[in-house]
Amino acid sequence: MIDGEESASPSGAVEGRTVDIMTDPSVSAAKVAAFLGASLQGIDFTVRSIASIGDAGEGAFTFVVDPIKHHDALSAALRGGALVLIPMESSPTAGSFIRVEHPRGAFAEGAAAFFPPVRVVPGIHPTAIVHPDALVDPSASIGPFSTVGSGSVVGAYSVIRNNVTVADRVRIGSHCL
């Protein structure tokens, strides 16, 4: 727990090894607010990613539990065009935000609904081309029409998405996307 707030697990999570991939790149801030049963304050815009409060920029969805402690990051996120979930008692003067009772829990619910985990199947897709001397961990996933070059290494649980070229002698660590 951070700042004494209850932790929440996102609903609808897929069991197994997953990576977060946004499946609907046209989610509006108003749609996120409606889903959470709250009102959007500020302008409506397209939400395209999720981020921590310190990394939230244009089109990002984020939250803050302690707006005083994270004042600078909150201000930067709001000025930068992020949609921020804030505690009910907060009152920013600019930007787009949604007031909720429990920002962390609401963020988990929103992230699970609009950025659901997608199952990633380990293995090499039949259309992928992997050089015979490349090393691909059995738990890694190489997507359709991707290429892994000579002498390259793809580590455990890493994911090479569709149409990606990994050049010769490239080392990709474990748990990379």
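Caption draft 1: Focus on helix α3 (residues 103-114). An ideal rise of 1.5 Å per residue puts 16 Å on 12 residues; α3 measures up with 16 Å between its terminal C-alpha atoms. In terms of burial, α3 is a largely internal element, 10 of the 12 residues being buried. Buried within α3 are the following residues: P103, R104, G105, A106, F107, A108, G110, A111, A112 and F114. Tucked into the core, α3 has its buried residues touching β2 (27-28), α1 (29-35), β5 (49-50), β6 (60-63), β7 (83-87) and β8 (96-100).

Caption draft 2: Spatial organisation of the confidence of the model for the chain. A residue-level look at the chain finds 85% of positions with pLDDT of 70 or above and a mean pLDDT of 85. This stretch, residues 1-24, has a pLDDT under 50; its non-local contacts, to residues over four places away or in other chains, come to 57 contacts.

Caption draft 3: Focus on helix α2 (residues 71-79). Every buried residue of α2 is accounted for by L74, A77 and L78. Buried residues of α2, viewed axially, fall in a sector of 95°; they line one side. Among the exposed residues of α2, those pointing more than 90 degrees away from its buried face are D72 and R79. Against the buried residues of α2 lie β7 and β8.

Caption draft 4: Focus on the sheet that holds strand β16 (residues 159-160). The strand order across the open sheet built from 3 strands is β10-β13-β16, with neighbouring strands paired in parallel fashion. One side of each edge strand has no neighbouring strand; the edge strands of this open sheet are β10 (123-124) and β16. Pairing of strand β13 (residues 141-142) with β16 involves 2 bridges; the strand directions are parallel. Bridged to S141 within β16 is V159.

So, how was this worked out
- Per chain, residues are indexed from 1 in the order of the written sequence.
- Local features in a predicted model are, by the rule used here, given only for residues with pLDDT of at least 70; side-chain atom pairs are given and counted only at 80 or more, and totals for whole chains, interfaces and linings are based on all residues.
- Only hydrogens and water are removed before side-chain values are computed, so all heavy atoms of the structure are retained for them.
- Only DSSP runs of H or I reaching four residues or more are called helices, and only runs of E reaching two or more are called strands; each is numbered from the N terminus.
- Each residue after the first adds 1.5 Å to the expected span of a helix.
- Throughout this description, buried means an accessible area under 20% of the type-specific maximum (1.4 Å probe, protein chains only), exposed means over 50%, and partly exposed covers the range between.
- Two residues form a contact once any of their heavy atoms are found within 4.5 Å.
- pLDDT expresses, on a scale from 0 to 100, how confident the predictor is about each individual residue.
- Here, the arc refers to the directions that run from the helix axis to the C-beta atoms.
- Two strands qualify as a pair provided that DSSP identifies no fewer than 2 bridges between them.

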